[in-house]
Amino acid sequence: QVQLVESGGGLVQPGGSLRLSCAASGISVRTYTMTWHRQAPGKQREWVAGISSGGTTNYADSVKARFTISRDNAKNTVYLQMDSLKPEDTAVYYCNSLQRSDYWGQGTQVTVSS
């Protein structure tokens, strides 16, 4: 029923950009609060960004002004635009929902390195 499929990760240079996608099924990104999280090797999973059903966005201080969360209701997809990437952004990125937070996707690897 609930499925989240992350994509768009890859290897980028510091200062580069990447856009991640989260295709959802079994839930509506229009009515749910959707979130992005990341987990670097040896570290706990960290909340990165969120967008409410009303369109209100919030970001972790570490990514504020560099990352932008958005959604396309018609495609039932959530995005994370990442600009000015830093090596410390290297992690596996996951999407999630507030209302069905027990469901996670497979994640997508982002590596920022020169």
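Reference entry: report on the structure contained in this document. (Residues numbered from 1 in each chain as written. Predicted model: local features only at pLDDT ≥ 70, side-chain atom pairs only at ≥ 80, totals over all residues. Heavy atoms only, no water.)

Looking at the overall build of the protein chain
- Helix and strand counts for the protein chain come out as zero helices and 10 strands.
- The C-alpha radius of gyration of the protein chain comes to 13 Å, within 12% of the 13 Å expected for a compact globule of 114 residues.
- Across its three principal directions, the C-alpha atoms of the protein chain cover 40 × 25 × 25 Å.
- Out of the 114 residues in the protein chain, the part that is buried amounts to 42%.
- Considering only contacts within the protein chain whose residues lie at least 6 apart along the sequence, 52% involve residues at least 24 apart.
- As presented, the protein chain carries roughly 5800 Å² of accessible surface, and 46% of it is formed by carbon and sulfur atoms. (Helix = DSSP H or I, 4+ residues; strand = E, 2+ residues; numbered from the N terminus. Rg over C-alpha atoms; globule rule 2.2 N^0.38 Å. Buried < 20%, exposed > 50% of the residue type's maximum accessible area, 1.4 Å probe, protein only. Contact = heavy atoms within 4.5 Å. Areas by Shrake-Rupley, 256 points an atom, 1.4 Å probe, with all protein chains shown as cover.)

Brief notes about the sheet that holds strand β6 (residues 57–59)
- One open sheet accounts for six strands, arranged β2-β10-β9-β4-β5-β6; its pairing is mixed. The open sheet has two edge strands with one neighbour each: β2 (10–12) and β6. Averaged over all adjacent pairs, the angle separating strand axes in this sheet is 25°, with direction ignored.
- Pairing of β2 with strand β10 (residues 108–112), which is carried by three bridges, proceeds in the parallel orientation. Pairing of G10 across the sheet is with V110, part of β10. (Pairing = 2+ DSSP bridges. Axes fitted to C-alpha atoms, helices over the stretch in contact; angles between N-to-C directions.)

Quick word on the state of the cysteines
- Under the criterion given, the structure shown has one disulfide.
- Bridging C22 to C95, the disulfide has an S-S length of 1.9 Å. Between C22 and C95 the disulfide shows an S-S torsion of about 55°. By sign, it is right-handed. On the criterion of sequence distance, the pair formed by C22 in strand β3 (residues 18–25) and C95 in strand β9 (residues 91–97) is long-range, its members being 73 residues apart. For the pair formed by C22 and C95, the shared burial category is buried. (Disulfide = S-S within 2.5 Å.)

Some points on the packing of aromatic side chains
- Applying the stated criterion across every chain yields a total of one aromatic pair.
- Seen in terms of ring centroids, Y94 and W104 are 6.2 Å apart; in terms of plane orientation they differ by 90°. Their pairing is edge-to-face. One end of the pair, Y94, is in strand β9; the other, W104, is in the loop between β9 and β10, with 10 residues separating them in the sequence.
- By relative accessible area, Y94 is classed as buried at 14%.
- When the ring centre of Y94 is taken as origin, the NZ or CZ atom of R45, which lies over that ring, is 4.6 Å away. (Phe/Tyr/Trp six-rings, centres within 6.5 Å; stacked < 30°, edge-to-face > 60°. Lys NZ or Arg CZ within 6 Å of the ring centre and 35° of its normal.)

Notes on unusual backbone geometry
- One non-glycine residue with positive phi stands out, namely A65, at about 80°.
- Relative to the assigned elements, A65 resides in the loop between β6 and β7 (67–72).
- For A65, a relative accessible area of 80% corresponds to the exposed category.

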